[in-house]
Amino acid sequence: MKLKIVALISIMLPACAMEGHEESKKTNKETIMDQHSYAKPAESVVTHLKWDAVVDFENKKIDGVATLHLKNDDDAKEVILDTKALNIEKVLVGKKEVKFTLGEADKNLGSALTIPIKSSTDSVTIYYSTSEGAEALQWLTPMQTAGKKHPFLFTQSQAILARSWVPIQDSPGIRFTYEADVKVPSELLALMSAENPQEKNDKGEYHFVMDRPIPAYLLALSVGDLEFEPIGDRSGVYAEPSVIDAAAYEFEDLEEMISAAESLYGPYQWGRYDLLVLPPSFPFGGMENPKLTFATPTILAGDKSLTSLVAHELAHSWSGNLVTNATWNDFWLNEGFTVYFENRIMEKMYGRDFSEMEASLAYQGLVAEIDDMKNNGSGDDTKLKLDLSNRNPDDGVTSIAYDKGYLFLRSQEEKVGREKFDAFVKDYFTSNAFSVMTTEEFIDLLDKNLYQKNGLTMDTAKINEWIYNPGLPADAPKPTSDKFAKVDEQMSRFLTETEASDLDVEGWSSQEWLHFVRSIPANLTKDQMKALDDAFGFTKSGNSEVLTEWLVQSIRHNYEASFDELIHFLVNTGRRKFLVPLYQEMVNSECCASMATSIYATARPNYHFVSTNSLDELLNYNK
Ligand code: BES
Ligand code: ZN
């Protein structure tokens, strides 16, 4: 079935969603299309969600009642919601049960739930339960947690999976406030992307309020044997008891990081900023759920070396959560801005040398990925503005949005100077807070508020090249690092007969190690691999980034001594960013293709849908 239905997003904010907050300046009623939602917000738009839920671990389902407050057009006849694999039991309009229709299921979009209303209808209520097909949810057995005693549940809603656990208008341009009452087993704590409890209660009943309007992809829930440890006045960390100390240590500098972010682009708008360290099957490094970033435990390196990920998720509290990409075609506005902001936070905290190492690593990755994408026929996806119609928005999650987006913004900074650029960005977040942004509107703002305001002329052709052409412009910024040049020297010495133990590696950061491992040439012998491993202990690295890079090299060089670790890592970690290159390398190798298949068969039950959905095809897995 090919989909004709598209959602019209009203850029205008529902007035009541802003209650108690400064009214957004945006009053423009222009509508834009979101191909990834069935909603027709111009007719009826959700402004508030009241959610009652019981989390049933035994049957791995959530029983929910969702009351949606609406704002309707004068001629409104129906409200359309997004759902995916939900069992809809009954629907009330006000207090009266009505007949609803549930459309045909599309693989990506799920089914439209159409409810008849009048323009005077205030709210609709949906009684439902989730099913096994709830792609946002991952139900973990006790064995899949750190503590091994209690089950665990977490959600991952971005990009369009919120609809698999709440019937909602699941489009990034539609914002609503929410409140929730969630019942869970009494030995577990429930947390949401909202004001959160800091300890368990005997009843296992938790009340949540999110009083700032958010898009559905930022709805989040986690339930498990969790503890809280404060870090600063407005920050802290949640984790399983056996992980909490390590987490509190790793994120010690969180308060300083929030201040660094605020000093760049204005006050943090969401009250508290807490982190939740999830079990290792969490498919992402981090997810910027408002007030409560969800994070992978693979950033607990023990030496705070991977906390740029926290800077990234924190930065989303401005780019993404305050100013949100209007559709998934504008995804670079969320991620490119966030990588830019992340880089600036890291520079502020640890200096330019450090942030340039991170930028260089990203640049290397970007150049390689653009090459790959061009070679495998996805050249069009190397444009910043994407066309994801009739596709899974997940296809847009590449380093283009992140690192080409970053380089584009950096090119603008370099063009006008930091002072002007920072003033522009700060104003951009303030003026568009709690609102949506399209790529086109952004370019318009760039022209008016960055160039014209400063008496400058925007090079429109160049801007268009960045946004609408594949690959990188020839004059794109090229981050370089002196520190990496020194790392390269040491690799050359090793390749010209210097003993590994005689290399000058004193004081190297994990970024330098990462660069070193990445630059291992294809023709290194197994003996040389062993010499490096003996000298530097890569196979036992506690830094998940370095370890992954080393395991990729181990497969490439058939260095069997690290295969036990490879298997252990793949079975125990669900972070897609690590899984994809490792499986990919095995599938392409002579040594390890069949090993990939057998590891996958064992490990797959530990992975979230987001990861299996990316891997099944690569591994020829038949469900
Ligand atoms: N919002 C993303 C994760 C995401 C993107 C989930 C698209 C679903 C669809 C998050 O902020 C992110 O970018 N995570 C990265 C962090 C990294 C770039 C520091 C990750 O998980 O690796
Ligand atoms: Zn991000």
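Preceding block: the structure.
Since the structure is predicted, the reported quantities are computational estimates derived from the model, not experimental observations. (Residues numbered from 1 in each chain as written. Chains lettered and ligands numbered in written order. Predicted model: local features only at pLDDT ≥ 70, side-chain atom pairs only at ≥ 80, totals over all residues. Heavy atoms only, no water.)

1. Some remarks on the overall build of the protein
So, step 1. Helix and strand counts for the protein come out as 17 helices and 23 strands.
So, step 2. Expected size for 623 residues packed as a compact globule is a radius of gyration near 25 Å; at 24 Å, the protein falls within 12% of this value.
So, step 3. By its C-alpha atoms, the protein is 80 × 65 × 50 Å across when sized along the principal axes.
So, step 4. Classification of the 623 residues of the protein by burial places 60% in the buried group.
So, step 5. Taking the intrachain contacts of the protein between residues at least 6 apart in sequence as the baseline, contacts between residues at least 24 apart amount to 72%.
So, step 6. For the protein, the accessible area works out to roughly 24,800 Å², and carbon and sulfur atoms hold 47% of it.
So, step 7. Charge-centre separation for the protein: the mean point of 60 positive side chains lies 5 Å from the mean point of 96 negative side chains. (Helix = DSSP H or I, 4+ residues; strand = E, 2+ residues; numbered from the N terminus. Rg over C-alpha atoms; globule rule 2.2 N^0.38 Å. Buried < 20%, exposed > 50% of the residue type's maximum accessible area, 1.4 Å probe, protein only. Contact = heavy atoms within 4.5 Å. Areas by Shrake-Rupley, 256 points an atom, 1.4 Å probe, with all protein chains shown as cover. Lys, Arg positive; Asp, Glu negative; His and termini not counted. Charge placed at Lys NZ, Arg CZ, Asp CG, Glu CD.)

2. Structural notes on the sheet that holds strand E9 (residues 111-116)
So, step 1. Spatially, E5-E9-E8 is the arrangement adopted by the three strands of the open sheet, whose pairing is antiparallel. On the outer flanks of this sheet lie strand E5 (78-83) and strand E8 (101-102), each paired with one strand and no other.
So, step 2. Sheet topology note: the E5/E9 ladder contains six bridges and is antiparallel. Across the sheet, residue Val79 finds its bridge partner in E9, namely Ile115. (Pairing = 2+ DSSP bridges.)

3. Quick word on the side chain of Arg604
So, step 1. Topologically, Arg604 is positioned in the loop between helix H16 (593-603) and helix H17 (609-615).
So, step 2. The exposure class assigned to Arg604 is buried, which follows from its relative accessible area of 16%.
So, step 3. In contact with Arg604, not counting residues within four places along its chain, are Thr612, Asp616, Tyr621 and Lys623.

4. Looking at the coordination of the zinc ion (ligand 2)
So, step 1. Taken together, His312 (NE2), His316 (NE2), Glu335 (OE) and Glu335 (OE) make up the full set of protein donors to the zinc ion (ligand 2), lying 2.0 to 2.8 Å away.
So, step 2. If you list the donors of the zinc ion (ligand 2) from N- to C-terminus, the spacing comes out as H-x3-H-x18-E. The residues His312 and His316 share a single accessibility class, namely buried. (Donors = N, O, S within 2.8 Å, 3.2 Å for Na, K, Ca; no water.)

5. Comments concerning the packing of aromatic side chains
So, step 1. Applying the stated criterion across every chain yields a total of 44 aromatic pairs.
So, step 2. Seen in terms of ring centroids, Tyr217 and Trp328 are 5.0 Å apart; in terms of plane orientation they differ by 75°. Their pairing is edge-to-face. On the criterion of sequence distance, the pair formed by Tyr217 in the loop between strand E15 (205-215) and strand E16 (221-224) and Trp328 in the loop between strand E22 (323-325) and helix H4 (331-350) is long-range, its members being 111 residues apart. Take Tyr217 and Trp328: they sit in the same class, and that class is buried.
So, step 3. Centre to centre, the rings of Phe337 and Tyr428 are 5.0 Å apart; their planes meet at 10°, and the pair counts as stacked. You can see Phe337 sitting in helix H4 and its partner Tyr428 sitting in helix H7 (residues 418-431), a full 91 residues away along the chain.
So, step 4. Taking relative accessible area as the criterion, Phe337 reaches 1% and is therefore assigned buried.
So, step 5. Note on Tyr428: relative accessible area 3%, which makes it buried.
So, step 6. Taking the ring centre of Tyr127 as reference, the NZ or CZ of Lys90 above it sits at 4.5 Å. (Phe/Tyr/Trp six-rings, centres within 6.5 Å; stacked < 30°, edge-to-face > 60°. Lys NZ or Arg CZ within 6 Å of the ring centre and 35° of its normal.)

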